[in-house]
Amino acid sequence: MTKTALVCGAGGFIGGHLVKRLKREGFWVRGVDLKFPPFVETEADDFAVGDLRDQYFCRQIADRRFDEVYQLAADMGGAGYIFTGEHDADVMHNSATINLNMLDACQKRNVRGMFYSSSACMYPEHNQMDPNNPNCAEDSAYPANPDSEYGWEKLFSERLYLAYNRNYGMRNRVARYHNIFGPEGTWDGGKEKAPAAVCRKVAQATNGGEVEIWGDGTQTRSFLYIDECLEGTIRLTRSDFEGPVNVGSEEMVTINQLVDIAADIAGKKLHKKHIPGPLGVRGRNSDNRLIGQKLSWKPTATLRSGLEKTYEWIERQVRGNKERAKAA
Ligand code: NAD
Ligand code: GDD
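From a predicted model like this one, the values you see are computed outputs, not experimental measurements.

Right, let's get into the overall build of the protein. Regarding its fold elements, the protein presents 10 helices and 13 strands. In terms of overall size, the protein behaves like a compact globule, its C-alpha atoms giving a radius of gyration of 19 Å where 328 residues would be expected to give roughly 20 Å. Principal-axis analysis of the C-alpha atoms places the extent of the protein at approximately 60 × 50 × 40 Å. Residues classed as buried in the protein amount to 56% of the 328 residues present. Counting 43 positive and 44 negative side-chain charges, the protein places the centres of these two groups 3 Å from one another.

Pasting the structure below:
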């Protein structure tokens, strides 16, 4: 029999890619989002445009016949969106409401279990002050002290999904994503994360010119390519392990190094201009011991290999925009 999946947030970056992956596996897929994917046509068999903050809408789309339910919808963005403080109330209200509604609807409609995408932003700030030695082991989460309201909402919601497991016998799964990147992600407008922002800035710069970087560029992060994020997501969903578990790369780099790799891919020599901007934690890296133990799998692709594909796609978007502006 054909398997079926519901993907909430299917108009977004990870949800859009997940729909494609599930279609390749032969699933019948229903996507749900406020909007269709902005860059490519959805491959979902059925796409419901609607607002998951509306509990009646959630009850319409949830159905126990779905073999897999992925809840990726959230009010989110990169440092320029979540660390300015300007969107705190909306981020918390919108994302918490979506999770409360979807869990209630799925539980009442006897959905067996849901996948939930939490974030590394829920880890305590005090363990991420040293850029060379951050601690993001799953058991370091408490005492809790996320550095953003976005992180606090993620922490609340991951607890909510696990409470439904204990009290209602659901089989929910929780992953903590660490900065996911790839083609067809937000690359401008203010919600883009560092890999996309850096690729855009490098693509827009002329050889010998400069790129602006927020902070001194010595802050560290790891970045996970979209294909590996999907692999981890699907393996966790189909496993007996509820999580929470990190889904991220252990290849930690400084933001300066990220710029150097992108410039090298572009074949450009560029000067870095460090400017004030929203920074977030000083250092962050995935700790993949638990995922390796529980799923007998962990990500292995290099940052460079993912960045080559991402740069190529973003460079095309930048060129397309320039050509459209010229023609207008
Ligand atoms: P995204 O912003 O591209 O996708 C989220 C989607 O949710 C958007 O298409 C948006 O329209 C939709 N949405 C928001 N509010 C909605 C509502 N009220 N009703 C229906 N749809 C709504 O983000 P993404 O990068 O694809 O992230 C997917 C999930 O993974 C999110 O929960 C995010 O917090 C989490 N996550 C992502 C990353 C990352 O680096 N991309 C890191 C950690 C966690
Ligand atoms: N976005 C962005 N744009 N970041 C920049 C830029 C720029 O032009 N220049 C430097 N940076 C720096 C930021 O200041 C930050 O220190 C670092 O690059 C990483 O920024 P982001 O990629 O935007 O966010 P993040 O890693 O702090 O948090 C992201 O990852 C989380 C999971 O690990 C966010 O996307 C969260 O939403 C996500 O949950």
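Still more ground to cover, so stick around.
Here we come to the UniProt feature "domain: NAD-dependent epimerase/dehydratase" (unreviewed entry) in the protein. This chain's UniProt record puts "domain: NAD-dependent epimerase/dehydratase" (unreviewed entry) on residues 5-247. Helix makes up 36% of residues 5-247 and strand 17%, whereas the separation of the span's terminal C-alpha atoms amounts to 21 Å.

On to the packing of helix 6 (residues 194-204) against helix 10 (residues 303-327), then. Helix-helix packing is described using two parameters, namely the angle between the two axes and the distance between the axes. Where helix 6 meets helix 10, the closest approach of the two axes is 9 Å, and the angle between their N-to-C directions is 55 degrees. When the axes of helix 6 and helix 10 are compared, the pair comes out oblique. Read as a crossing pair, helix 6 and helix 10 show a hand that is right-handed. Listed contacts from helix 10 to Pro195, Ala196, Cys199, Arg200, Val202, Ala203 and Gln204 of helix 6 are Leu307, Thr310, Tyr311, Ile314, Glu315 and Val318. Among the residues making up the contact of helix 6 with helix 10, the classes are represented as 9 nonpolar, 2 polar and 2 charged.

Looking now at the domain arrangement of the protein. Assigned domains within the protein: domain 1 (4-180 + 224-247) and domain 2 (185-221 + 252-284 + 302-322). A C-alpha centroid distance of 26 Å is found between domain 1 and domain 2. Roughly 1,900 Å² is buried in total at the junction of domain 1 and domain 2, and carbon and sulfur atoms are behind 62% of that figure. When the buried area of domain 1 at its contact with domain 2 is split by residue, Phe39, Pro131 and Tyr225 rank highest and sum to 28% of it. The interface formed by domain 1 and domain 2 includes 1 salt bridge. With a closest N to O distance of 3.9 Å, Asp75 and Lys191 form a salt bridge. At the boundary of domain 1 with domain 2, the tally comes to 7 residue pairs in polar contact (both at pLDDT 80 or more). For the side of domain 1 that touches domain 2, the element with the most residues is helix 3 (residues 79-82), which contributes 3 residues. Residues that form the side of domain 1 that touches domain 2 fall into these classes: 14 nonpolar, 8 polar and 4 charged.

Ligand 2 sits among 26 residues. The nearest are Ser119, Lys193, Lys201, Pro278 and Leu279. One of the backbone nitrogen or oxygen atoms of Glu192 is found 3.1 Å away from a nitrogen atom of ligand 2. Arg221 places a polar side-chain atom, nitrogen or oxygen, 2.8 Å from an oxygen atom of ligand 2. Protein coverage of the free-state accessible area of ligand 2, which is 710 Å², stands at 98%. Taken together, the elements giving at least two residues each to the shell around ligand 2 come down to helix 3, helix 6 and strand 8 (210-214).

Along any regular strand the residues' side chains alternate between the sheet's two faces. In terms of residue burial, strand 2 (residues 28-33) counts as a mostly covered element, since 5 of its 6 residues are buried. Note that strand 1 (residues 4-8) and strand 2 share 5 bridges and pair parallel. In the sheet register, Val7 faces strand 2, and the bridge partner there is Gly31. In terms of handedness, the path from strand 1 via helix 1 (residues 13-24) over to strand 2 forms a crossover that is right-handed.

Quick look at the pairing of strand 4 (residues 68-71) now. Burial along strand 4 is two-sided: Glu68 and Tyr70 facing one way and Val69 and Gln71 facing the other are all buried. Here strand 4 pairs with strand 5 (residues 115-119) via 2 bridges, running parallel. Across the sheet, the residue bridging to Tyr70 is Phe115, located in strand 5.

The next thing to look at is the packing of aromatic side chains. Tallied over the full model, the rule gives 7 aromatic pairs. Centroid distance Tyr70 to Phe115: 5.9 Å. Interplanar angle 50 degrees. Geometry classified as tilted. Remark: Phe115 occurs in strand 5 and Tyr70 occurs in strand 4; sequence separation between them is 45 residues. Residue classification places Tyr70 among the buried positions, given a relative accessible area of 0%. Judged by relative accessible area, Phe115 falls into the buried class, the value being 0%. Here Phe181 and Tyr225 contribute two aromatic rings whose centre-to-centre distance is 5.6 Å and whose plane-to-plane angle is 70 degrees, an arrangement assigned as edge-to-face.

Reading the values: rules and limits
Residues numbered from 1 in each chain as written. Chains lettered and ligands numbered in written order. Predicted model: local features only at pLDDT ≥ 70, side-chain atom pairs only at ≥ 80, totals over all residues. Heavy atoms only, no water. Helix = DSSP H or I, 4+ residues; strand = E, 2+ residues; numbered from the N terminus. Rg over C-alpha atoms; globule rule 2.2 N^0.38 Å. Buried < 20%, exposed > 50% of the residue type's maximum accessible area, 1.4 Å probe, protein only. Lys, Arg positive; Asp, Glu negative; His and termini not counted. Charge placed at Lys NZ, Arg CZ, Asp CG, Glu CD. UniProt positions renumbered as here; feature names shortened; annotations may be inferred. Axes fitted to C-alpha atoms, helices over the stretch in contact; angles between N-to-C directions. Parallel < 35°, antiparallel > 145°, perpendicular 65-115°, else oblique. Left-handed = near helix turned anticlockwise from the far one by under 90°. Contact = heavy atoms within 4.5 Å. Nonpolar A, V, L, I, M, F, W, Y, C, P; charged D, E, K, R; others polar. Domains from an automatic or database assignment. Buried area = accessible area lost by both parts, 1.4 Å probe. Salt bridge = Lys/Arg side-chain N within 4 Å of Asp/Glu carboxyl O. Polar contact = N/O pair within 3.5 Å; in protein donor to acceptor, adjacent residues only side chain to side chain. Near = heavy atom within 4 Å. Areas by Shrake-Rupley, 256 points an atom, 1.4 Å probe, with all protein chains shown as cover. Pairing = 2+ DSSP bridges. Right-handed = clockwise from strand over helix to strand, strands pointing away. Phe/Tyr/Trp six-rings, centres within 6.5 Å; stacked < 30°, edge-to-face > 60°.

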